[in-house]
Amino acid sequence: MGGAAGGTTTAEDHGAGMPGSDFGPPPAQRAGRRLRLPRLRTLLILIIVAMVLGSFAVWALYSSNLLRVERVTVSGTRVLTEEQVRGAAEVPMGVPLASVDTGAVEHRLKTSLRRIASVEAVRDWPNSMGLKVTERTPEALMEKPGDTGKYIEVDVEGVPYATVAKRPKGVPLLVLDVDKSAGSRRFGADRLRLEAVKATVALPEAVRRDTRTVRIGSYDSITMELSGNRTVMWGSSEHGAAKARTLTALMKAEKEAGHFDVSVPSAPAASAS
């Protein structure tokens, strides 16, 4: 038949020019597959390497003898000894450095040694623990009740923190002469001590060096006793900077005066006694 002879198309003729035939996928698809396989192998290798390194790091930090505590260093002490700090810190020796609870170490130090104002426990790889200490500085002293000749140091925050047998030079004695008025009963001894220290810290440096005693009778009655039988009526601890400026100017203008009143800095006064 004419149709069989001229119109029949064989499979070979159909597939010769069509994509998806028995000749396989197009070249672009075959190239994409070849690229994906090496990338997958690389990713798997990287994952395995990361797992190995992670396992080694955990072993080195917590199981090996490479990174264990062998010594404890102390810095920043002035009065405390390094042995006192190490003893209070109780850093366990021979344990993995990574396992040391630095927060607990700091808490033990601040609880056991009140002279410490702040401390930072740091890991000093590979085998040391460092303790960076800041000690409190005495801004005033108080006589220790029932123990003549001994003093309690008080810091800038009004915290009594240590007993000393010798009065440090240049640190004034704090005396609470608290009356029984209703105003005074509003404030406890801790608050009044803090107010007195705040007034002391605000004094001009030259006046502060000459201050021997700071007396506080109530919240707004703080008086400084200076060398040479001079006194300064400071009032409350408020407006300390203004009072310091006024006192400096007043002392320059009234060099022969023995009593200075800056409780109201805008209306100062000076007198012979």
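Values in this document were obtained by computation on a predicted structure and should not be read as measured data.

Undergrad: Before we move on, could you go through the overall build of the chain and cite the residues and values that matter?
TA: Within the chain one finds 9 helices and 12 strands. Residues counted as buried form 34% of the 273 residues belonging to the chain. Carbon and sulfur atoms provide 56% of the accessible area of the chain, an area that totals close to 16600 Å².

Undergrad: Any details on the pairing of strand β2 (residues 116-124)? Residues and values, ideally.
TA: Across 8 bridges, β2 lies against strand β3 (residues 128-135) in antiparallel orientation. Bridging across to β3, V122 finds its partner in G130. The turn linking β2 back onto β3 is made up of 3 residues.

Undergrad: Residues and numbers for the pattern of salt bridges, please.
TA: This model, assessed by the stated rule, comprises 12 salt bridges. The salt bridge partner of E90 is R108, with a shortest N-O separation of 3.9 Å. One end of the pair, E90, is in the loop between α4 (82-89) and α5 (102-112); the other, R108, is in helix α5, and 18 residues separate them in sequence. Assessed through its relative accessible area of 25%, R108 is described here as partly exposed. The shortest N-O distance in the salt bridge between R208 and E139 comes to 1.9 Å.

Undergrad: For the side chain of R136, give the residues involved together with the corresponding values.
TA: Assignment of secondary structure puts R136 in the loop between β3 and β4 (140-143). R136 gets classed as buried once you look at its relative accessible area, which sits at 15%. There is a polar contact of 2.7 Å between the side chain of R136 and the backbone oxygen of R114. Among all residues touching R136, those that are not within four sequence positions of it are R78, R114, R115, I116, A117, D155, E157, V159 and Y161.

Undergrad: Could you give an account of the nonpolar core, naming the residues involved and the relevant values?
TA: Core analysis: the biggest nonpolar cluster contains 26 residues, and M224, V232, W234 and L247 have the highest contact counts within it. When near neighbours in sequence (up to four residues on either side) are disregarded, V232 contacts I222, T223, M224, L226, L247, M251, F260 and V262. Counting residues in hydrophobic clusters, the runner-up holds 19 residues, among them V91, V100, V105 and M129.

Undergrad: Account for the sheet that holds β2, with residues named and values stated.
TA: Strands sit in the order β1-β3-β2 across an open sheet of 3 strands; the sheet is mixed. Of all the strands in the sheet, just β1 (71-75) and β2 have a single pairing partner and so form its edges. Going across the sheet, the axis of each strand differs from the next one's by a mean of 20 degrees, ignoring polarity. Bridge count between β1 and β3: 5 bridges; the pairing is parallel. Following the sheet pairing, T73 is matched in β3 by G130. Relative to the sheet, α5 contacts β2 and β3, its axis offset from that of β2 by approximately 150 degrees.

Undergrad: With reference to specific residues and values, describe unusual backbone geometry.
TA: The peptide bond linking W125 to P126 adopts the cis configuration, its omega dihedral lying at 10 degrees. With respect to the secondary-structure elements, P126 resides in the loop between β2 and β3. Positive phi, normally seen in glycine, also occurs at N229, with a value near 60 degrees. Note on placement: N229 falls in the loop between β9 (221-226) and β10 (230-235). A positive phi angle, near 60 degrees, is found at H239, a position not held by glycine. Along the chain, H239 turns up in the loop between β10 and α9 (240-253). H239 sits in the exposed class, given a relative accessible area of 57%.

Undergrad: Summarise the environment of A88; cite the residues concerned and give the values.
TA: Mapping A88 onto the fold places it in helix α4. Residue classification places A88 among the buried residues on the basis of a relative accessible area of 11%. Taking the C-alpha atoms as reference points, A88 and R108, separated by 20 residues in sequence, lie 6.5 Å from one another. What A88 contacts, discounting residues up to four positions off in sequence, is R108, L109, S112 and L113.

Undergrad: Tell me about the environment of T102, and name the residues and values.
TA: Among the secondary structure elements, T102 is positioned in helix α5. It is 9.2 Å that separates the C-alpha atoms of T102 and M129, two residues lying 27 residues apart in sequence. Once you skip the residues sitting within four places of it in the chain, T102 turns out to touch A121, R123 and M129.

Undergrad: Help me get a handle on the packing of α4 against α5, residues and values and all.
TA: In the contact formed by α4 and α5, the axes pass within 8 Å of each other and the chain directions differ by 120 degrees. Classified by the interaxial angle, the pair formed by α4 and α5 is oblique. Of the two elements, α4 crosses α5, and the hand of that crossing is right-handed. Contacts between α4 and α5 pair V85, A88 and A89 from the former with V105, R108, L109 and S112 from the latter. Across the contact of α4 with α5, the residue classes break down as 5 nonpolar, 1 polar and 1 charged.

Rules and cut-offs
- Residues numbered from 1 in each chain as written.
- Predicted model: local features only at pLDDT ≥ 70, side-chain atom pairs only at ≥ 80, totals over all residues.
- Heavy atoms only, no water.
- Helix = DSSP H or I, 4+ residues; strand = E, 2+ residues; numbered from the N terminus.
- Buried < 20%, exposed > 50% of the residue type's maximum accessible area, 1.4 Å probe, protein only.
- Areas by Shrake-Rupley, 256 points an atom, 1.4 Å probe, with all protein chains shown as cover.
- Pairing = 2+ DSSP bridges.
- Salt bridge = Lys/Arg side-chain N within 4 Å of Asp/Glu carboxyl O.
- Polar contact = N/O pair within 3.5 Å; in protein donor to acceptor, adjacent residues only side chain to side chain.
- Contact = heavy atoms within 4.5 Å.
- Core = buried A, V, L, I, M, F, W, Y, C linked by side-chain atoms within 4.5 Å.
- Axes fitted to C-alpha atoms, helices over the stretch in contact; angles between N-to-C directions.
- Parallel < 35°, antiparallel > 145°, perpendicular 65-115°, else oblique.
- Left-handed = near helix turned anticlockwise from the far one by under 90°.
- Nonpolar A, V, L, I, M, F, W, Y, C, P; charged D, E, K, R; others polar.

So yeah, pure geometry; function would need other evidence.
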